[in-house]
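Structure at a glance
These are the residues of each chain, in order.
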Amino acid sequence: MAILSAFANPHRFMAFSNALLPWLGAGAAILITYSIWQGLYVLPPEAYQGDSARIMIVHVPAAWLSMGGYMGMAVASLVWFVWRHEIADVAAKSMAVFGAGYTAICLMTGAVWGKPTWGTWFQWDDARMVSVLVMFFIYVGYIALRAAMDTRQKAARAGAILAMVGAINVPIIKFSVDIWASLHQDASVLRLDGPAMAPEFLTPLLLGALGHTLLFAALVLVAMRAEVRLRRADALMMRRMAGA
């Protein structure tokens with residue numbers, strides 16, 4: 001709770017984020033460039049899927065971040081809902097935009113990968129595909145709902161409730177291949193008995209995922225800093241209007 005209180009202070013957050021951003025940006029640029037270079041030019045064709053499997057270097061990190069971003073948004077919403085820390089609401093609002101972006105990348109790269117592999121761009125009776133699409137709509141609905149509210153407090157409250165309720169979709173996505181028939185294979189990276197992926201594919205995939213995570217964090221921090229400045233400007237304007 002002490003950590004939450006420390007970063008709930010906008011001045012501390014602005015100072016911390018300003019120091020962290022260059023490191024996040026540099027790390028993201030290096031790792032993403034390396035993983036894409038490996039995926040396009042170094043990795044051999046996959047034994048069964050050929051060159052189409054190279055898209056996993058982007059698709060899998062996007063899938064992980066679509067879920068991770070949503071859970072981050074839901075946790076930030078819970079923190080705001082319980083403790084009313086405004087920075088938590090700023091974080092939730094900022095994560096929604098980039099979480100939706102990574103979910104869109106996941107859906108698009110999945111379609112490009114699925115066409116040569118399964119013979120279809122999208123399968124409506126595949127639970128994982130549909131649940132990821134539902135998550136994209138929840139992201140978009142969250143953004144639209146906040147924009148439709150006439151006050152910031154109403155927007156924060158309505159968005160927090162939607163984000164927390166919608167979090168039930170994340171475990172559905174994760175365990176959909178175990179519960180229902182799916183074109184997707186079982187987990188090959190996050191397994192109790194260890195990864196079932198060849199090291200030459202696993203290493204650039206994990207480094208790329210780390211790079212995209214750093215990029216996601218950097219983008220969210222930039223958006224949060226902009227939102228904090230906007231709220232400061234609004235508060236200053238209100239004070240001036242009240243004193244006029």
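Each chain carries its own residue numbering, running from 1 in the direction its sequence is written. Where local features are concerned, this predicted model is filtered to residues with pLDDT of at least 70; where side-chain atom pairs are given and counted, the filter is 80 or more; whole-chain, interface and lining totals use all residues. Values reported for side chains reflect all heavy atoms of the structure, with hydrogen atoms and water molecules removed beforehand.

Some details on the pattern of salt bridges
To be explicit about the condition: Between Lys or Arg on one side and Asp or Glu on the other, a salt bridge is scored when a side-chain nitrogen of the former is within 4 Å of a carboxyl oxygen of the latter. A run of DSSP states H or I qualifies as a helix once it reaches four residues; a run of E qualifies as a strand once it reaches two. Both are numbered from the N-terminal end.
Going through the model one piece at a time under the given rule, you end up with eight salt bridges. For the salt bridge of K93 with E227, the shortest nitrogen-to-oxygen distance reads 3.3 Å. With K93 in helix α4 (residues 86-118) and E227 in helix α8 (residues 199-243), the pair connects residues that are 134 residues apart, well separated along the chain. Through salt bridges with shared partners, one network takes in E86, D89, K93, R146, E227 and R231.

A look at the side chain of D89
Keep this limit in mind: Each residue's exposure class comes from its accessible area (1.4 Å probe, protein chains only) as a fraction of the maximum for that residue type: buried when under 20%, exposed when over 50%, partly exposed otherwise. Residues are treated as being in contact if the distance between any of their heavy atoms lies within 4.5 Å.
Along the chain, the position of D89 falls in helix α4. On the basis of relative accessibility, which here comes to 3%, the residue D89 falls in the buried class. Aside from chain neighbours lying at most four places away, what touches D89 is W80, R146, A156 and R231.

Let's talk about a nonpolar patch on the surface
Formally: The patch calculation keeps residues exceeding 30% relative accessible area without a salt bridge and links them within 9 Å when they carry like charges or within 5 Å when they are nonpolar (Val, Leu, Ile, Met, Phe, Trp, Tyr). Here the open area of atoms and residues is found with the Shrake-Rupley method and a 1.4 Å probe, where only the protein chains shown may cover a residue.
On the surface, a cluster of nonpolar side chains totalling about 620 Å² of accessible area is made up of Y34, I36, W37, L40, Y41 and V42. Take V42: it is sitting in helix α2 (residues 10-42). Owing to a relative accessible area of 39%, V42 belongs among the partly exposed residues under this scheme.

Some details on the packing of helix α3 (residues 56-83) against α8
For clarity, the cut-off: Where helices are involved, their axes are fitted lines through C-alpha atoms of the stretch in contact, as for all axes, and angles between N-to-C directions lie from 0 to 180°. Working definition: roughly parallel below 35 degrees, roughly antiparallel above 145 degrees, roughly perpendicular at 65 to 115 degrees, and oblique for all remaining angles. The hand of a helix crossing depends on one turn: near helix anticlockwise from the far one by less than a right angle means left-handed, and clockwise means right-handed.
The contact between α3 and α8 brings their axes to 9 Å, and the two run at 45°. Relative to α8, α3 is oriented oblique. As α3 runs across α8, the sense of the crossing is right-handed. The residues of α8 that touch α3, namely those facing M56, I57, V60, P61, W64, L65 and G69, are F201, P204, L205, L206, G208, A209, H212, T213 and F216.

Describing the packing of aromatic side chains
For the record, the criterion: Stacked, edge-to-face and tilted labels apply to pairs of Phe, Tyr and Trp rings (six-membered ring for Trp) whose centres lie within 6.5 Å, assigned for plane angles under 30 degrees, over 60, and everything in between, in that order.
With the rule as written, the count across this model stands at six aromatic pairs. When the centroid spacing of 6.0 Å and the interplanar angle of 50° are considered together, the rings of Y34 and W37 count as tilted. Of this pair, Y34 and W37 are both found in helix α2, three residues apart, which corresponds to roughly one turn of the helix. Judged by relative accessible area, Y34 falls into the partly exposed class, the value being 31%. Under the relative-accessibility criterion, W37 is labelled partly exposed at 44%. Pairing Y70 with Y139 gives two aromatic rings, centres 5.3 Å apart and planes at 70°, and the pair type is edge-to-face. In this pair, Y70 is assigned in helix α3 and Y139 in helix α5 (residues 127-148), connecting sequence segments 69 residues apart.

Let's talk about α5
Our working definition: One fewer than the residue count of a helix, multiplied by 1.5 Å, yields its expected span. Polar contact is defined as a pair of N or O atoms within 3.5 Å, subject to the rule that within protein one atom must be able to donate a hydrogen and the other to accept it, and that residues adjacent in sequence are counted only when both atoms are side-chain atoms.
With 22 residues, α5 extends 31 Å from end C-alpha to end C-alpha; this agrees with the ideal 32 Å at 1.5 Å per step. On its buried face, α5 sits against α3, α4, α6 (152-166), α7 (169-179) and α8. You can read the cap of α5 off the contacts: a side-chain oxygen lies 3.1 Å from the backbone nitrogen of R128, and it is on D126.

Digging into the environment of I105
Looking at the secondary structure, you find I105 in helix α4. For the pair I105 and V60, spaced 45 residues apart in sequence, the C-alpha separation works out to 10.0 Å. Setting aside residues no more than four positions away along its own chain, I105 makes contact with V58, A62 and G110.

Structural notes on α2
Owing to its 3.6 residues per turn, the α-helix aligns residues three or four sequence positions apart on the same side. Stated formally: Two axes define the bend at a residue: one fitted to the seven residues ending there, one fitted to the seven starting there, and the bend is the angle between them.
Over its 33 residues, α2 runs 45 Å from end to end, which matches the ideal 48 Å to within 8%, given 1.5 Å per residue. A bend of about 35° at L20 is the largest found in α2, and the proline P22 appears one to four places after it. Backbone nitrogen of H11 and a side-chain oxygen of the N-cap are separated by 2.8 Å at the start of α2; the cap is N9.

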